[in-house]
Amino acid sequence: MKAKIFVARAIFPEVLERLAQHFDVESNQEDRIYGADELRQKAQGKDGLFTTPSEPVNAALFAANPQLKAVCNMAVGYNNIDVAAATAAGVMATNTPEVLNETTADFAWALMMATARRITESEHWLRAGHWKKWSYDSFTGPDVHGATLGIIGMGRIGQAIARRSMGFDMNVIYHNRSQLKPELEARANNAKYVGKEELLRQADHVVLVLPYSKESHHTIAAAELALMKPTATLTNIARGGIVDDAALIQTLRTGGIAAAGLDVFENEPAFNPEFLKLSNVVLTPHIASASTPTRLAMANCAADNLIAALAGQTPPNLLNPDVARKG
Ligand code: 8YV
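Residues numbered from 1 in each chain as written. Predicted model: local features only at pLDDT ≥ 70, side-chain atom pairs only at ≥ 80, totals over all residues. Heavy atoms only, no water.

1. Let's talk about the site of the ligand
Next, step 1: Lining the immediate surroundings of the ligand are P53, M74, A75, V76, G77, L100, R239, H286, S289, R295 and M298.
Next, step 2: S289 places a polar side-chain atom, nitrogen or oxygen, 2.7 Å from an oxygen atom of the ligand.
Next, step 3: Summarising the interface, the protein chains cover 85% of the accessible area of the ligand, which totals 320 Å² for the free molecule. (Near = heavy atom within 4 Å. Polar contact = N/O pair within 3.5 Å; in protein donor to acceptor, adjacent residues only side chain to side chain. Areas by Shrake-Rupley, 256 points an atom, 1.4 Å probe, with all protein chains shown as cover.)

2. Notes on the environment of H124
Next, step 1: On the secondary structure map, H124 appears in helix α6 (residues 119-127).
Next, step 2: C-alpha separation for the pair H124 and L208, spaced 84 residues apart in sequence, amounts to 26 Å. (Helix = DSSP H or I, 4+ residues; strand = E, 2+ residues; numbered from the N terminus.)

3. So, the sheet that holds strand β6 (residues 148-152)
Next, step 1: The strand order β8-β7-β6-β9-β10-β11-β12 describes an open sheet built from seven strands, whose pairing is parallel. At either margin of the open sheet sits one strand with a lone partner, and together these are β8 (192-193) and β12 (281-283).
Next, step 2: Bridging between β6 and strand β7 (residues 171-175) involves five bridges; their strand directions are parallel. When the bridges of β7 are listed, L149 appears paired with V172.
Next, step 3: Taken strand by strand, helix α5 (residues 101-116) contacts β6, β9 (205-208), β10 (233-236), β11 (259-262) and β12, and its axis lies near 150 degrees from that of β10. (Pairing = 2+ DSSP bridges. Contact = heavy atoms within 4.5 Å. Axes fitted to C-alpha atoms, helices over the stretch in contact; angles between N-to-C directions.)

4. Topic: the packing of α5 against helix α7 (residues 156-164)
In helix packing, the relevant descriptors are the interaxial angle and the interaxial distance, both defined with respect to the helix axes.
Next, step 1: At a minimum axis distance of 8 Å, the contact between α5 and α7 shows a crossing angle of 55 degrees. When the axis of α5 is compared with that of α7, the two are oblique. Remark: the crossing between α5 and α7 carries right-handed chirality. Every residue of α7 that contacts α5 at N101, E102, T104, A105, D106, A108 and W109 is listed here: R156, I157, A160, I161, R163 and R164.
Next, step 2: Residue composition of the contact of α5 with α7, by class: six nonpolar, two polar and five charged. (Parallel < 35°, antiparallel > 145°, perpendicular 65-115°, else oblique. Left-handed = near helix turned anticlockwise from the far one by under 90°. Nonpolar A, V, L, I, M, F, W, Y, C, P; charged D, E, K, R; others polar.)

5. Here's the deal with the UniProt feature "domain: D-isomer specific 2-hydroxyacid dehydrogenase NAD-binding" (unreviewed entry) in the protein chain
Next, step 1: With numbering aligned to this structure, UniProt lists the feature "domain: D-isomer specific 2-hydroxyacid dehydrogenase NAD-binding" (unreviewed entry) at residues 110-288.
Next, step 2: Within residues 110-288, the helical portion is 30% and the strand portion 15%, while the C-alpha atoms at the span's ends are 9 Å from each other. (UniProt positions renumbered as here; feature names shortened; annotations may be inferred.)

6. Notes on the pattern of salt bridges
Next, step 1: Counted under the stated rule, the structure contains 19 salt bridges.
Next, step 2: Across the pair E26 and K46 runs a salt bridge, and its minimum N-O distance is 2.9 Å. In this pair, E26 is assigned in strand β2 (residues 23-27) and K46 in the loop between α2 (36-42) and β3 (48-51), connecting sequence segments 20 residues apart.
Next, step 3: The buried category is assigned to K46, whose relative accessible area is 8%.
Next, step 4: Between R201 and E197 there is a salt bridge, with the nearest N and O atoms lying 3.9 Å from each other. Of this pair, R201 and E197 are both found in helix α9 (residues 196-202), four residues apart, which corresponds to roughly one turn of the helix.
Next, step 5: Take R201: its relative accessible area is 47%, and that puts it in the partly exposed class. (Salt bridge = Lys/Arg side-chain N within 4 Å of Asp/Glu carboxyl O. Buried < 20%, exposed > 50% of the residue type's maximum accessible area, 1.4 Å probe, protein only.)

7. Quick notes on the pairing of β6
Next, step 1: With five of five residues buried, β6 lies mostly within the body of the structure.
Next, step 2: Burial of β6 is two-sided: the residues T148, G150 and I152 facing one way and the residues L149 and I151 facing the other way are all buried.
Next, step 3: Crossover connection from β6 via α7 to parallel β7: handedness right-handed.
Next, step 4: Pairing analysis gives four bridges linking β6 to β9, with the strands arranged parallel. By the bridge assignment for β9, I151 is matched with V207. (Right-handed = clockwise from strand over helix to strand, strands pointing away.)

8. Digging into the layout of surface pockets
Next, step 1: The volume enclosed by the second largest pocket comes to roughly 180 Å³.
Next, step 2: What lines the second largest pocket is simply R117, S122, W125, L126, W131, K133, W134, S135, S138 and F139.
Next, step 3: By residue class, the composition of the lining of the second largest pocket is five nonpolar, three polar and two charged. (1 Å grid on protein atoms, 1.4 Å probe; cavity = no way out; pocket = protein on both sides within 12 Å on 5 of 7 lines; lining within 4 Å. Points joined across faces, edges and corners; volume = space filled by probe spheres on them.)

Here you go:
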């Protein structure tokens, strides 16, 4: 008998077909996200779940579904899964690292460049028919080349962002839970490890790439924003909640920093509407990993994990190796 899984979101049909070769698949056919209660119901009788960061996978779900063996997230981030509760419940949890590093780094650059060089703001102005003459100070902003790039969160994506800065002759500083090995710093455009406050004071462009956790909640709030240069930009491709959005809005309003590029928001997709009143922001709907090949690779990676886990093997991207597996 095939194992039973629930796929919590619409995914590539070819990946769904692949899963159907291995499993008895039930999938979300509705164009909406299931909350914790609904997901707990949907998990009934299932051996595995295919999830994304929009679905909360918590201790109550594990308690109500003792048969569950694996939860496989289609994302590198897994702050939606209570991994400690999964371990306690004997459920394997997995994510999709590596496959999205380069695409996400490309996007961080696109967003940082668009923010610094005011690309969307000027396009809106052009489309609105305001372009009547050239002016020396039209849409001027900070330079990117030759500037100091400050990366907070120097994991695999952070390092890929740093590598790209070589072509822009940038000086790279970074802050991380721990300092990288010298050979990794060298590959990351000779990135220099500094404290968070020093990074915020020195960087011309700050990029946030750290995972969300209780500890990283509001890593950037009013006090941190106050340390930044008024000419600096802030780019967040990590998670909503790492930045205090209300404090950022206030800082952008009062010229505390030049501009922000945001792919993630607190309470997304219901983000703070005050952002829409600001011209010095570039806003995108959590699409940093959204190239077609990368999203397909992420879906297949989550599927690989689910297939291995439910075949009794160790899935390639197991987050809780201490889990005592169920038979
Ligand atoms: C995903 C992400 O697109 O991987 C992550 O952690 O945030 C994005 O790459 C998104 O979470 C949906 O899976």
